[in-house]
Amino acid sequence: MDLVFERGDASAPRGHALLYFRESGGEGKLYSTYVVVLPIAIDLVKYMPPFLANQLPNVNAQELSAFAFPPMPEEAGGAAQLEALAAARGDDLVFGGDFAAGQVQDMLVRVNDLVQEYAQRYQAHIGDAAAAPEPVAAPEAITGHNVNEVLFELMSERDRLGELAKLTGRLRFAVEGSDARQVQDAEEEVRVLSRYLPERFRIDDLLRAAKDPSRSGGDLAQLYLERCYKLADEDYPSLADIEERIRGLEAG
């Protein structure tokens, strides 16, 4: 089976990829390995003592410069986790097809064949790029906010609230220290996270309070954060008390 590029360009491989397979039958578990094509050709013989070099089998440079580790794919998480990991690292994400459990030897051969196919595509791409008269455009950079957005999407609501609490603390620290750059960065991350939280959590109100340098601003931000947790837990009696305290602080 040919390589199927689910992330990246089959005509322009990056030289590093997550290669995964799906177990046929059963639960259809995913198994993955990591493929690397070294940018420099290796002549392994020159690094070995003469008496060992004579015993080394004939292996071409591509086979030495491209490899998968581990050689036998290990059980991986779901497709979403693999996609997020590939995005965070800037890797190609390649599907190698289905396989039957227990066929270890066949799987080792198959991984090796796909690694060599990936390496051939990479070398063809690099050769074309080197021959081109114009510079190749750099790949689009993955910013920290883009990576975080992928991770936020995969989190549970409870984990997102944990991130919200950490970011709120970071924002308050920056506000109290008059660090405008850190204030801006923390606020942007909260706004990215807010896309994955319900509107009833009133993140805009929490941000407004957290950016107030006064003590009451910090107290109000803490109440808004506690309010989010009470809503998530559906603890409505405690929620009523918190909202009463919020009204009191805002009126004051």
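Everything numeric in this text was worked out from a predicted model, so none of it was measured. Every chain is numbered independently, its residues counted from 1 as its sequence is written. It should be noted that, the model being predicted, local features are given only for residues of pLDDT at least 70 and side-chain atom pairs only at 80 or more, the latter also being counted only at that level, while totals for whole chains, interfaces and linings use all residues. No hydrogens and no water enter the side-chain calculation; it runs on all heavy atoms of the structure.

**Student:** Lay out the overall build of the protein chain with the relevant residues and their values.
**Tutor:** Only DSSP runs of H or I reaching four residues or more are called helices, and only runs of E reaching two or more are called strands; each is numbered from the N terminus. The helix and strand inventory of the protein chain stands at 10 helices and 5 strands. Residues classed as buried in the protein chain amount to 34% of the 252 residues present. Accessible areas in this description were obtained via Shrake-Rupley with a 1.4 Å probe; residue shielding takes into account the shown protein chains only. For the protein chain, the accessible area works out to roughly 14700 Å², and carbon and sulfur atoms hold 53% of it. Exposed residues in this analysis have more than 50% of their type's maximum accessible area, buried residues have under 20%, and partly exposed residues fall in between, with area computed by a 1.4 Å probe over protein chains only.

**Student:** Can you lay out the nonpolar core for me, pointing to particular residues and giving the numbers?
**Tutor:** Generally speaking, a soluble globular protein has its nonpolar side chains buried in company with each other. The definition of a nonpolar core used throughout is a set of buried Ala, Val, Leu, Ile, Met, Phe, Trp, Tyr and Cys residues joined through side-chain atoms within 4.5 Å. Grouped together as the largest cluster of nonpolar side chains are 29 residues, with contacts concentrated most on Leu-164, Leu-171, Leu-197, Phe-201 and Ile-203. With 7 residues, the top contributor of residues to this core is helix H9 (residues 215–233). Here, residues are in contact when the closest pair of their heavy atoms is within 4.5 Å. Sequence-distant contacts of Leu-197, that is, excluding residues within four places in its chain, are made with Arg-160, Leu-161, Leu-164 and Ile-203. One finds Leu-3, Leu-19, Tyr-31 and Leu-114 within the second-largest nonpolar core, a separate group that totals 19 residues.

**Student:** Outline the side chain of Arg-160, supporting the account with residue identities and numerical values.
**Tutor:** Summarising the element assignment, Arg-160 is placed in helix H6 (residues 157–176). Asp and Glu are treated as the negative residues and Lys and Arg as the positive ones, with His and the ends of the chain left uncounted. Salt bridge, as used here, is a side-chain nitrogen of Lys or Arg placed within 4 Å of a carboxyl oxygen of Asp or Glu. It is Glu-157 that comes nearest to the buried, bridge-free Arg-160 among opposite-charge side chains, at 5.9 Å. A polar atom in the side chain of Arg-160 sits 3.1 Å from the backbone oxygen of Glu-153. Between N or O atoms, a polar contact is any pair within 3.5 Å; within protein, one atom must be a potential hydrogen donor and the other a potential acceptor, and residues adjacent in sequence are included only when both atoms are from side chains.

**Student:** Please set out the sheet that holds strand E1 (residues 4–7) residue by residue, giving values where relevant.
**Tutor:** Here, a strand pair is defined by DSSP locating no fewer than two bridges between the strands. The strand order across the open sheet built from 5 strands is E1-E5-E2-E3-E4, with neighbouring strands paired in mixed fashion. The sheet is open, and its two borders are formed by E1 and strand E4 (66–75), each paired with just one other strand. On average, each strand axis in the sheet is tilted by 25° relative to the strand beside it, whichever way the strands run. With 6 bridges joining them, strand E2 (residues 16–23) and strand E5 (residues 92–99) adopt parallel strand pairing. Residue pairing for E5: Leu-18 is matched across the bridge by Leu-93. Interaxial angles span 0 to 180 degrees and are taken between N-to-C directions of axes, which are lines fitted to C-alpha atoms, for helices over the stretch in contact.

**Student:** A description of helix H7 (residues 180–194) should follow, citing residues and the corresponding values.
**Tutor:** Over its 15 residues, H7 runs 21 Å from end to end, which matches the ideal 21 Å to within 8%, given 1.5 Å per residue. Residues of H7 that are buried: Val-183, Ala-186, Glu-187, Glu-189, Val-190, Val-192 and Leu-193. Expected span of a helix: the number of residues minus one, times 1.5 Å.

**Student:** Give me the pattern of salt bridges: which residues, what numbers.
**Tutor:** A full pass over the atoms with the stated rule returns 20 salt bridges. In this structure, the salt-bridge partner of Arg-121 is Glu-117, at a minimum N-O distance of 2.9 Å. With Arg-121 and Glu-117 both in helix H4 (residues 104–131), this residue pair falls 4 residues apart, about one helical turn. Its relative accessible area of 24% is what places Arg-121 among the partly exposed residues.

**Student:** Got a sec to walk through the confidence of the model for the protein chain? Specific residues and values, please.
**Tutor:** pLDDT is defined as a per-residue confidence score from the predictor, taking values between 0 and 100. Overall, the predicted model of the protein chain reaches an average pLDDT of 84, with 83% of residues at or above 70. Per-element averaging of pLDDT across the protein chain places helix H1 (residues 50–53) at the bottom with 55 and helix H8 (residues 203–210) at the top with 94.

**Student:** Would you mind going over the packing of aromatic side chains in detail, with residue names and values included?
**Tutor:** A pair of aromatic rings is counted whenever rings of Phe, Tyr or Trp (Trp by its six-membered ring) have centres within 6.5 Å, and the orientation is called stacked for planes under 30 degrees apart, edge-to-face for over 60 and tilted otherwise. This model, assessed by the stated rule, comprises 4 aromatic pairs. Between Tyr-20 and Phe-95 the ring centres are 5.0 Å apart and the planes differ by 40°, which places this aromatic pair in the tilted class. One end of the pair, Tyr-20, is in strand E2; the other, Phe-95, is in strand E5, and 75 residues separate them in sequence. Pair check on accessibility: Tyr-20 and Phe-95 agree, each one buried. Both rings, one in Tyr-31 and one in Phe-99, keep their centres 5.3 Å apart while their planes meet at 85°; by these two values the pair is edge-to-face. Note that Tyr-31 is positioned in strand E3 (residues 30–37) and Phe-99 in strand E5, a separation of 68 residues in sequence.

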